[in-house]
Amino acid sequence: MASRRSWIGVLLASPPILLIIVFIGFPVVNAFGLSLGYTGGLNTTIAMIGKNTHETQSWAPTFDAYREVFANPRFLSDLRVTVSISILTTVIVTALAWLVALAMRLRPSGITRMLPAFAVIPMFIPGVIGAWAMIRFWAADGFFGSVMRSLGVASPPQIAFTSTLVLMTQVWSSLPFAVLMVSSGVQSVPDALIDAARDAGAGTIRIVKDVVAPMAFVPTVIAMTFTAIGNVGSFTVPWLTGPSAPTMLGVSMTKHFNTYGEPQQSVVMAIVVFALAALIGVLYVWANYRQAKEEMA
């Protein structure tokens, strides 16, 4: 009877697993094979129409496509920009989310209770519209430039279509989820622990460091990992608000696929993005493992 029930559970869980295998897992394996020079089978057509395709001459894989991509200084520049913007966005978003959460928890008032409502507004605005709004605000002929010229600044700083605007827009669009996650973790800290720390003479910094932060650790890690992964593979924001070069890898791989006609090189860049996301995901898995281990102890 127990074996029968386990098989029923497997069958009930199999449809989503099969969908992931067919529509995600198999294409990923097929694309990985293309990057290693296996141009037969389902990769035949794309290998024929693609330029600069490196094909293996035997069963052994070839890494010529990887050597070509990593020898390209433009790719290395795009990789540096992608990593830099992702790290900066994650740090800034996490810091802002913690400020909002702590203001709500330790300094409750009418204003601080309104902060989360304002912070989650970007969640209800499509990314394309938000990016366009940022461009029109920071463009040379936009609101910012008009205000600067009215104040006597003949040449206001150019922020639109720069990596700076990409960073600002990424922070703006990534903040809502981080605020929701961190705030939930901070709000879950029992009042009794905070009151006991205050009775023992602990100040605000000590309470945050020794009481609030450890209990909100996992929600913070979740917010950080999802923010970082979302920024590593982002396309819309850097495509609309960023410069033509250097740009983030999401835009770069699209150019190599559509504009330059180099699908194999584009797949290599996609695998690099996947590897970066997997490294970030390790932090998420470690945080959940640590929490589960502490709960079992």
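Residues numbered from 1 in each chain as written. Predicted model: local features only at pLDDT ≥ 70, side-chain atom pairs only at ≥ 80, totals over all residues. Heavy atoms only, no water.

A.B. asks: Looking at this structure, I do not really get the overall build of the chain. What am I missing?
C.D. replies: Across its full length, the chain holds 14 helices and zero strands. Listing every helix and strand of the chain by position from the N terminus yields α-α-α-α-α-α-α-α-α-α-α-α-α-α. Relative to its length of 297 residues, the chain is extended, with a C-alpha radius of gyration of 24 Å against a globular reference of 19 Å. Viewed in the frame of its principal axes, the chain has a C-alpha envelope of about 80 × 75 × 30 Å. By the burial criterion, 38% of the 297 residues in the chain qualify as buried. Restricting to contacts in the chain with at least 6 residues of sequence separation, those with at least 24 account for 71%. For the chain, the computed accessible surface area is about 17100 Å², with 72% contributed by carbon and sulfur atoms. Separation between the mean location of the 17 positive side-chain charges and that of the 12 negative ones in the chain comes to 4 Å. (Helix = DSSP H or I, 4+ residues; strand = E, 2+ residues; numbered from the N terminus. Rg over C-alpha atoms; globule rule 2.2 N^0.38 Å. Buried < 20%, exposed > 50% of the residue type's maximum accessible area, 1.4 Å probe, protein only. Contact = heavy atoms within 4.5 Å. Areas by Shrake-Rupley, 256 points an atom, 1.4 Å probe, with all protein chains shown as cover. Lys, Arg positive; Asp, Glu negative; His and termini not counted. Charge placed at Lys NZ, Arg CZ, Asp CG, Glu CD.)

A.B. asks: When you look at unusual backbone geometry in this model, what are you seeing that I'm missing?
C.D. replies: It is generally the case that most residues other than glycine have a negative phi and that most peptide bonds are trans. In the segment running from Ala245 into Pro246, the intervening peptide bond is cis, with an omega of -10°. Looking at the secondary structure, you find Pro246 in the loop between α12 (236–241) and α13 (249–259). For Asn52, which is not a glycine, the phi torsion comes out positive at approximately 55°. When you line up the elements, Asn52 lands in the loop between α2 (44–49) and α3 (64–70).

A.B. asks: In this structure, what is going on with α13? I would like to understand it.
C.D. replies: Each α-helix winds once per 3.6 residues, and so residues spaced three or four apart point in a common direction. Among all positions in α13, only Leu249, Gly250, Val251, Ser252, Met253, Lys255 and His256 are buried. Here the buried face of α13 lies against α4 (73–106), α12 and α14 (263–296). At the C-terminal side of α13, Gly261 shows a positive phi close to 65°.

A.B. asks: Whenever I open this one, the environment of Ile21 confuses me. Can you help?
C.D. replies: Following the sequence through the fold, Ile21 ends up in helix α1 (residues 2–35). Expressed as a C-alpha distance, the spacing of Ile21 and Gly40, which sit 19 residues apart in the sequence, is 21 Å. Once residues lying within four places of it in the same chain are set aside, the contact partners of Ile21 are Phe26 and Pro27.

A.B. asks: Whenever I open this one, the side chain of Ser174 confuses me. Can you help?
C.D. replies: Structurally, Ser174 is set in helix α8 (residues 163–187). A polar contact is formed between the side chain of Ser174 and the backbone oxygen of Gln170, at a distance of 2.8 Å. There is a polar contact of 3.4 Å between the side chain of Ser174 and the side chain of Asn231. Aside from chain neighbours lying at most four places away, what touches Ser174 is Thr89, Val93, Thr227 and Asn231. (Polar contact = N/O pair within 3.5 Å; in protein donor to acceptor, adjacent residues only side chain to side chain.)

A.B. asks: Mind showing me how you'd approach the UniProt feature "domain: ABC transmembrane type-1" (unreviewed entry) in the chain here?
C.D. replies: Following the UniProt record, the feature "domain: ABC transmembrane type-1" (unreviewed entry) maps to residues 79–284 here. With 77% helix and 0% strand, residues 79–284 has its two end C-alpha atoms placed 22 Å apart. (UniProt positions renumbered as here; feature names shortened; annotations may be inferred.)

A.B. asks: Looking at this structure, I do not really get the UniProt feature "transmembrane region" (unreviewed entry) in the chain. What am I missing?
C.D. replies: UniProt annotation of "transmembrane region" (unreviewed entry) refers to residues 7–29, 81–103, 115–139, 159–182, 216–240 and 267–287 when read in the numbering used here. This span, residues 7–29, is 100% helix and 0% strand, and a straight line between its end C-alpha atoms measures 28 Å.

A.B. asks: I keep staring at the packing of α4 against helix α11 (residues 217–232) and nothing clicks. Help me out?
C.D. replies: The relative placement of two packed helices is expressed as an angle between their axes plus a distance between the axes. Here α4 crosses α11 at 145°, and the two axes come no closer than 9 Å. The hand of the α4/α11 crossing is right-handed. Counting all contacts with α4, which are made through Thr82, Ser86, Thr89, Thr90, Val93, Thr94 and Trp98, the residues of α11 involved are Thr220, Met224, Thr227, Ala228, Asn231 and Val232. Looking at the contact of α4 with α11, its residues break down into five nonpolar, eight polar and no charged. (Axes fitted to C-alpha atoms, helices over the stretch in contact; angles between N-to-C directions. Left-handed = near helix turned anticlockwise from the far one by under 90°. Nonpolar A, V, L, I, M, F, W, Y, C, P; charged D, E, K, R; others polar.)

A.B. asks: Sorry if this is basic, but what is going on with the nonpolar core here?
C.D. replies: One broad rule of soluble globular proteins: the nonpolar side chains tend to lie buried together. By size, the foremost hydrophobic cluster in this structure holds 32 residues, and its most contacted members are Trp98, Leu102, Val182, Val186, Ile194 and Val212. Every residue in contact with Val182, bar those within four places of it in the chain, is listed here: Ala97, Trp98, Ala101, Thr220 and Ala223. Of all hydrophobic cores here, the second largest spans 15 residues; its members include Leu36, Phe75, Leu79 and Ala228. (Core = buried A, V, L, I, M, F, W, Y, C linked by side-chain atoms within 4.5 Å.)

A.B. asks: What should I look at first to understand a nonpolar patch on the surface in this one?
C.D. replies: A contiguous nonpolar surface patch, about 880 Å² in accessible area, is contributed by Ile17, Leu18, Leu19, Ile20, Ile21, Val22, Phe23, Ile24 and Val28. Relative to the elements of secondary structure, Val28 occurs in helix α1. (Patch = residues over 30% accessible without salt bridge, like charges linked within 9 Å, V, L, I, M, F, W, Y side chains within 5 Å. Salt bridge = Lys/Arg side-chain N within 4 Å of Asp/Glu carboxyl O.)

A.B. asks: How should the packing of aromatic side chains be read in this particular structure?
C.D. replies: The way to describe two aromatic rings as a pair is by their centre distance and the angle between their planes. Counted according to the given criterion, the structure contains nine aromatic pairs. Residues Phe137 and Trp138 carry aromatic rings whose centres are separated by 4.9 Å and whose planes lie at 75° to one another, so their mutual orientation is edge-to-face. Here Trp138 falls in the buried class, since its relative accessible area comes to 16%. Ring plane angle 80° and centroid distance 6.0 Å describe the contact between Phe226 and Tyr284, whose orientation is recorded as edge-to-face. (Phe/Tyr/Trp six-rings, centres within 6.5 Å; stacked < 30°, edge-to-face > 60°.)

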